Amino acid sequence: PTIASETSTLVQLEDLNVPAPRLLGSDPSGDVAGRPALVMTRLPGRLALRPDDPLAWTRALAEMLVAVHSLPVTAPPYEPWLDLATLEVPAWTDRPDVWGAALELLASLPSSEPEGFVHADYQQFNMLWHRDRISGVLDWTGSWVGPPDVDVAHARLNLVCLYSVECAESFRREYEARAGRATSPWRDVAEFVGYVPRFAQTLRHQIAGRMSLDIRGMTARVEDLLRLALDRL
């Protein structure tokens, strides 16, 4: 991701129906700021990591993602962040059968998929809320055009790490109902196998005391969701 690509995305978002920051200035070369820099507006709202109504919260996340995927934005093509060919069944797992099935699936490419604009880091830490509504979608740094279900899978991995399998499954069902199509279990699996237990340390830093985090059960939740994704094939 570059300042230039994020600048291009923010410019295109200005007249579209999504609560994104507005671009105030951009210096991709760093000639003015001393290093590549971008200035944008501050949006109202706060993180909402302990929603009063979890179902409504999850539904709103899904509705916004469907809206994001419908945006007519031009962006760089999708580039996977994980080299699936290098993956092995992790030594720390107690469920090597699940991981083995996942890696066997990923040895072949997915079937034909829809393509469109993708946020590329759609998750609860990039959402601002005001009066129980989403007031801001942040971090358009790495947005690209490609399979939208990468966003769905990424959000689901975050939700299962922080909350529960049911929360991640509820998000999928809400997204599918609004998108009018089933999502790709292959994309789920390709995202979930990137999980490692040390994710917990990053999440604790991002949470910054705003909620409690069940670290002990995190790996089991991810593996349960991975199994459910495989069962959808």
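Our subject is the structure that appears above.
Values in this document were obtained by computation on a predicted structure and should not be read as measured data. (Residues numbered from 1 in each chain as written. Predicted model: local features only at pLDDT ≥ 70, side-chain atom pairs only at ≥ 80, totals over all residues. Heavy atoms only, no water.)

Chemist: Got a minute to help me understand the overall build of the protein in this structure?
Modeler: For the protein, the helix and strand inventory stands at eight helices and six strands. Scaling as 2.2 N^0.38, a compact globule of 233 residues should have a C-alpha radius of gyration of about 17 Å, and the protein matches this with 18 Å. When burial is assessed residue by residue, the protein has 48% of its 233 residues classed as buried. As displayed, the protein offers around 12,000 Å² of accessible surface, 52% of which is attributable to carbon and sulfur atoms. Charge centroids of the protein, computed over 22 positive and 31 negative side chains, lie 7 Å from each other. (Helix = DSSP H or I, 4+ residues; strand = E, 2+ residues; numbered from the N terminus. Rg over C-alpha atoms; globule rule 2.2 N^0.38 Å. Buried < 20%, exposed > 50% of the residue type's maximum accessible area, 1.4 Å probe, protein only. Areas by Shrake-Rupley, 256 points an atom, 1.4 Å probe, with all protein chains shown as cover. Lys, Arg positive; Asp, Glu negative; His and termini not counted. Charge placed at Lys NZ, Arg CZ, Asp CG, Glu CD.)

Chemist: What is the right way to read the packing of aromatic side chains from this model?
Modeler: Between two aromatic rings, the relevant description is the distance of the centres plus the angle of the planes. Counting across every chain of the model gives seven aromatic pairs. Between W92 and Y195, the aromatic rings sit 5.9 Å apart at their centres with planes inclined by 85 degrees, giving edge-to-face as the arrangement. One end of the pair, W92, is in the loop between α2 (54-69) and α3 (96-106); the other, Y195, is in the loop between α6 (185-192) and α7 (199-207), with 103 residues separating them in the sequence. According to the relative accessible area criterion, Y195 is buried, its value standing at 2%. Ring geometry for Y195 versus F199: centroids 5.4 Å apart, planes at 85 degrees, classification edge-to-face. Given the relative accessible area of 26%, F199 is considered partly exposed. Ring pairing ties together the aromatic residues W92, W99, Y195 and F199, which thus form one cluster. (Phe/Tyr/Trp six-rings, centres within 6.5 Å; stacked < 30°, edge-to-face > 60°.)

Chemist: Please explain the side chain of R187 as it appears in this structure.
Modeler: Secondary-structure assignment places R187 in helix α6. Owing to a relative accessible area of 12%, R187 belongs among the buried residues under this scheme. With residues near it in sequence (within four places) discarded, R187 still touches Y78, P110, E113, P147, D149, V150 and A153. (Contact = heavy atoms within 4.5 Å.)

Chemist: Mind showing me how you'd approach the pairing of strand β4 (residues 127-130) here?
Modeler: Where β4 meets strand β5 (residues 133-137), four bridges bridge the pair, whose relative direction is antiparallel. From the neighbouring strand, M127 faces β5, where its bridge partner is V137. The hairpin formed by β4 and β5 contains two residues between the paired strands, and R131 there has a positive phi angle of roughly 55 degrees. (Pairing = 2+ DSSP bridges.)

Chemist: In this structure, what is going on with the pattern of salt bridges? I would like to understand it.
Modeler: It is possible for side chains bearing opposite charge to pair when their charged atoms get close. This structure, assessed with the given rule, holds 15 salt bridges. The salt bridge involving R95 is made with D224; its shortest N-O contact spans 2.6 Å. Placement of the pair is R95 in the loop between α2 and α3 and D224 in helix α8 (residues 218-231), with a sequence separation of 129 residues. D224 gets classed as partly exposed once you look at its relative accessible area, which sits at 34%. Between R187 and E113 there is a salt bridge, with its nearest N and O atoms 2.8 Å apart. Highlighted residues: R187 in helix α6 and E113 in the loop between α3 and β3 (116-118), separated in sequence by 74 residues. Connected via shared salt-bridge partners are R156, E169, R172, E176, D188 and R232. (Salt bridge = Lys/Arg side-chain N within 4 Å of Asp/Glu carboxyl O.)

Chemist: Please clarify how α2 should be interpreted in this entry.
Modeler: The α-helix winds at 3.6 residues per turn, so residues separated by three or four positions along the chain end up facing the same way. The terminal C-alpha atoms of α2 lie 23 Å apart, and with 16 residues this matches the ideal 22 Å at 1.5 Å per residue to within 8%. Among the residues of α2, those classed as buried are W57, T58, A60, L61, A62, M64, L65, V66, V68 and H69. Those residues of α2 hidden inside the fold are in contact with β3, β4, β5, α4 (149-162) and α5 (165-179). (Expected span 1.5 Å × (residues − 1).)

Chemist: Help me out: how do you make sense of unusual backbone geometry in this one?
Modeler: With the exception of glycine, most residues fall at negative phi, and the peptide bonds are largely trans. With a phi close to 65 degrees, D139 is a non-glycine residue in the positive phi region. Tracing the sequence through the fold places D139 in the loop between β5 and β6 (144-146). By relative accessible area, D139 is classed as partly exposed at 30%.

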